[in-house]
Each structure stands twice: as structure tokens, then as C-alpha cells.
There are 2 protein chains.
Amino acid sequence: MDQIIRTASREDMPKVLELIKELAHFEREPDQVEVTVDQLIKDGFDGHPDFRCFIGEINNKIEGMALVYMRYSTWKGKVLHLEDLIVSKAMRGVGLGTKLLDHVIKYGYDLGVKRIGWEVLDWNEDAIKFYEKKGAKIMRDWDVVQLDEAGIKTYISNL
Amino acid sequence: MDQIIRTASREDMPKVLELIKELAHFEREPDQVEVTVDQLIKDGFDGHPDFRCFIGEINNKIEGMALVYMRYSTWKGKVLHLEDLIVSKAMRGVGLGTKLLDHVIKYGYDLGVKRIGWEVLDWNEDAIKFYEKKGAKIMRDWDVVQLDEAGIKTYISNL
């Protein structure tokens, strides 16, 4: 199978959104995706882009993507964050995820960042094993905290 | 006690770095802070800043800070991330942390973001209780994954 990794263009965003929705379904949160194709194009390709997206193709068909952006660590300075790494269900296990991760790590290395981070569901053992094999540390004592849109409104109304 | 919250300026960065180091000590990682005052000034105030910092003062003395930046959720679009919220040990429990968090949530609300997120150590029960009381959800099934500088180099050398 002919696999290539390339930087995404605006035209890829409909397929990227399909992959995002497929992952949300896998993560048992199918109704949480509010982002639209137009928003992805505007945010990722206009002015100062909010993210950078890489596409994984197999035989000229988009089967995976990785989406990254910079974060700021008060310990390390600029660090790279991998928000999503998705391979279509039909094409898992053929090495495209590894190629996408390789590309992301190379991208961060070329930028000279001191850390590349992401998040993983603690029940996603295949992903955890894959990341650990690659040398990443699973920081099990750190939890993600989120105040959602309704939570923000309630917070503000209580001020 | 007279408490005010304001946006940080370049001149505040030496004191901000002191607070960062104090927190790293509390988190049992005192040697992990590599960032310098010059780097904070360059990254936070030149060109397109990598973060925004708010200062908490008590009686005209800097006793706390909150540091935020934008992230990109493939579900929600632009979201605000709170990287650090620090109050000096001497001034814990007098309400400055709440005022800083209020300021951050208002800032995110004014930006119209659909989510504000941060991370917490799972053994920091006081912080977890504080955040839950404020309506935030602790996503215990999400773990933070990090590939550090040495890990990046090893990864690249194995490609």
C-alpha cells in the first residue's frame, strides 16, 4: 500500500471533519462535535492559523490525520501539542498512525521544542502501549479539567 | 486586604518566574523549570504573544498569577487553556486564587469560547474540590502524555 503524509489544505477539511466525528464516536461522545468545515477552514488557514493539520493517505485516499498547535509551558517555553491523531477504522494496523506520529515528532524536532504532549483515554490500552513504546511518558497523576459552555455561563451568573 | 487583578506587563516577569518556581517546588519538580525572565518577556510580549498573563496583587505586592493561552479543540474550535494559577504560599486562603480564576473565566467568556480547560494533579485534593465547587469537571479518564526533550531526540534517532 502506498502511504504518504502531507500538510493539509483547505480542500481536505470535509474529510478531516469526518475523521473527527469518527473519533468522537469511538470516544463515546458522538454528539460533542460542534465544529464545522467552514470553521476548520477559517481557523486553520486564514491569517494567523490556530492549528496545523497533516494528512495521511493510502493509495491516494485520505485515511488519517494529525492536528497540532503550539502551547506554552511555564517550565519549558513553547511546546507542541498533538490534539488528535486519527486513522480511519478500516485502515487501523497498517502503519499509518505510526507514520503520522513520526511526522509530528519530526515537525516538533525541527521547531526545536523541548516537549511534545497529547492526551489519551486511560482505557485506550492499545494507544497507551503504542505511545509508551515510542518513549512517551503517561502522566497518570495529571487529570484534565474542563469548564464547558454551560459551566462558563453558570460561573459568570454566580459572580 | 486590598486585592486587585490586572494584566501583566514585561516588568512583572521576574516575580512571575519566582511564582513559577515556587509551584514547581510544590509539584515536586523543582529542577524542571528551564524558562528564563528574558524568554517570558520575548514570548509573552513581542509580536504575536504565546500567552497572556494576569497578576494578583495584595496591598500592591504581587502574590499570584494566572497564565492562559488559546488551544484548538476539534470538537469546539477555539478554547481557552489555563496553564498555571499560582498564589504565593504565604497568601493562600485569602481569596486571591478565586479572584484570579474569576478573571480568567470572565476573560474566556468575553472571548466567547465554548470551553475553558486546565490540568490538576490527582493528589491535589484542595484544588480539585475548589474547581468542582466552581462547576468544572475533572476528566479522570484522560491522562496527559509527554515526550520530553531526551525522548524527542531518541525518537528521531530511531527513525
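The structure this text deals with has already been given above.
Residues numbered from 1 in each chain as written. Chains lettered and ligands numbered in written order. Predicted model: local features only at pLDDT ≥ 70, side-chain atom pairs only at ≥ 80, totals over all residues.

Asker: Honestly, the overall build of chain A in this entry has me stumped. Any pointers?
Answerer: Along the backbone of chain A there are 5 helices and 6 strands. Going from N to C terminus, chain A has its helices and strands arranged as β-α-α-β-β-β-α-β-α-β-α. Its C-alpha atoms give chain A a radius of gyration of 17 Å, within 12% of the compact-globule value 15 Å for 159 residues. Seen along its three principal axes, the alpha-carbon backbone of chain A occupies a region of about 55 × 35 × 35 Å. Per-residue burial over chain A gives 36% buried out of 159 residues. (Helix = DSSP H or I, 4+ residues; strand = E, 2+ residues; numbered from the N terminus. Rg over C-alpha atoms; globule rule 2.2 N^0.38 Å. Buried ≥ 20, exposed ≤ 12 C-beta atoms within 10 Å, placed from the backbone.)

Asker: What is the right way to look at the relation of the copies chain A and chain B in this model?
Answerer: The operation relating the pair of chain copies consists of a rotation about an axis and a translation along that axis. Here chain A sits on chain B after a turn of 180 degrees about the axis and a move of 0.0 Å along it, with an RMSD of 0.0 Å. Look at the turn and shift together and you get a two-fold axis relating the two. Rotation axis and chain A: the residue whose C-alpha lies nearest the axis is A:Asp143, separated from it by 3.0 Å. In this assembly the copies share their binding face: 100% of the residues contributing to the interface of chain A also contribute to that of chain B. (Least-squares fit on C-alpha atoms with pLDDT ≥ 70 in both. Contact = placed C-beta atoms within 7 Å.)

Asker: Hey, could you run me through the packing of helix H1 (residues 13–26) of chain A against helix H2 (residues 37–45) of chain A in this one?
Answerer: How two helices sit against one another is set out by the angle between their axes and by the gap between those axes. Residues and elements named next belong to chain A. H2 packs onto H1 with a crossing angle of 110 degrees between their chain directions and a minimal axis gap of 9 Å. The angle between H1 and H2 places the two elements in the roughly perpendicular class. Regarding H1 and H2, the two cross each other, and that crossing is right-handed. Here Met 13, Pro 14, Val 16 and Leu 17 of H1 lie close against H2, whose contacting residues are Val 37, Leu 40 and Ile 41. A class-by-class count of the residues in the contact of H1 with H2 yields 7 nonpolar, no polar and no charged. (Axes fitted to C-alpha atoms, helices over the stretch in contact; angles between N-to-C directions. Parallel < 35°, antiparallel > 145°, perpendicular 65-115°, else oblique. Left-handed = near helix turned anticlockwise from the far one by under 90°. Nonpolar A, V, L, I, M, F, W, Y, C, P; charged D, E, K, R; others polar.)

Asker: Is there a simple way to think about the sheet that holds strand E1 (residues 3–7) of chain B in this case?
Answerer: Strand pairing in a sheet relies on backbone hydrogen bonds, with the paired strands running either antiparallel or parallel. One open sheet holds the 12 strands; their spatial order is E1(A)-E2(A)-E3(A)-E4(A)-E5(A)-E6(B)-E6(A)-E5(B)-E4(B)-E3(B)-E2(B)-E1(B), and the pairing between them is mixed. Because the sheet does not close on itself, it has two edges, and the strands there are strand E1 (3–7) of chain A together with E1 of chain B. Here the average twist between neighbouring strands, direction ignored, is 30 degrees. Bridge count for strand E4 (residues 77–87) of chain A against strand E5 (residues 115–121) of chain A is 2 bridges, and the pairing is parallel. From the neighbouring strand, A:Leu80 faces E5(A), where its bridge partner is A:Ile116. (Pairing = 2+ DSSP bridges.)

Asker: It is not clear to me how the interface of chain A and chain B should be interpreted in this structure. Could you clarify?
Answerer: It is common to give the size of an interface as the accessible area that goes away when the parts come together. Tallying the contact residues gives 61 residues for chain A and 61 residues for chain B. Secondary-structure elements contributing two or more residues to the side of chain A that touches chain B are H1, H2, strand E3 (61–73), E4, helix H3 (96–111), E5, strand E6 (137–148) and helix H5 (149–157) of chain A. When residues in the side of chain A that touches chain B are grouped by element, the largest group, 12 residues, is from E6(A). Counted by class, the side of chain A that touches chain B contains 29 nonpolar, 11 polar and 21 charged residues. By the bridge criterion, 7 bridges tie E5(A) to strand E6 (residues 137–148) of chain B in an arrangement that is antiparallel. Within E6(B), the residue paired with A:Arg115 across the bridge is B:Asp148.

Asker: Hey, could you run me through unusual backbone geometry in this one?
Answerer: Most peptide bonds are trans, and most residues other than glycine sit at a negative phi. Residues and elements named next belong to chain A. Phi angles above zero are rare outside glycine, and Asn 59 is one such case at about 50 degrees. Relative to the elements of secondary structure, Asn 59 occurs in the loop between strand E2 (52–58) and E3. In this structure Asn 59 comes out as exposed when scored by C-beta crowding, with 10 C-beta atoms within 10 Å. Look at Asn 60: it is not a glycine, yet its phi comes out positive at around 65 degrees. With respect to the helices and strands, the residue Asn 60 is situated in the loop between E2 and E3.

Asker: Would you take a moment to explain the packing of H5(A) against helix H3 (residues 96–111) of chain B for this structure?
Answerer: One way to put it is that H5(A) packs onto H3(B) with a least axis distance of 10 Å and a crossing angle of 120 degrees. By the angle class used here, H5(A) and H3(B) are oblique. Two packed elements cross with a definite hand, and for H5(A) against H3(B) that hand is left-handed. Mapping the contact onto sequence places A:Ile152, A:Tyr155 and A:Ile156 in H5(A) and B:Ile105, B:Lys106, B:Gly108 and B:Tyr109 in H3(B).

Asker: For this particular structure, what's the right way to read the pairing of E3(A)?
Answerer: On any regular strand, side chains alternate: one points to one face of the sheet, the next to the other face. Residues and elements named next belong to chain A. As judged from the 7 bridges shared by E2 and E3, these two strands associate in the antiparallel manner. When the sheet's bridge partners are listed, Arg 52 is paired in E3 with Val 68. Two successive antiparallel strands, E2 and E3, enclose a turn made up of 2 residues, where Asn 59 displays a positive phi of approximately 50 degrees. One ladder, built from 10 bridges, connects E3 with E4; its direction is antiparallel. Paired with Ala 66 across the strands is Leu 85, a residue of E4. Linking E3 back to E4 in an antiparallel pair, the connection comprises 3 residues.

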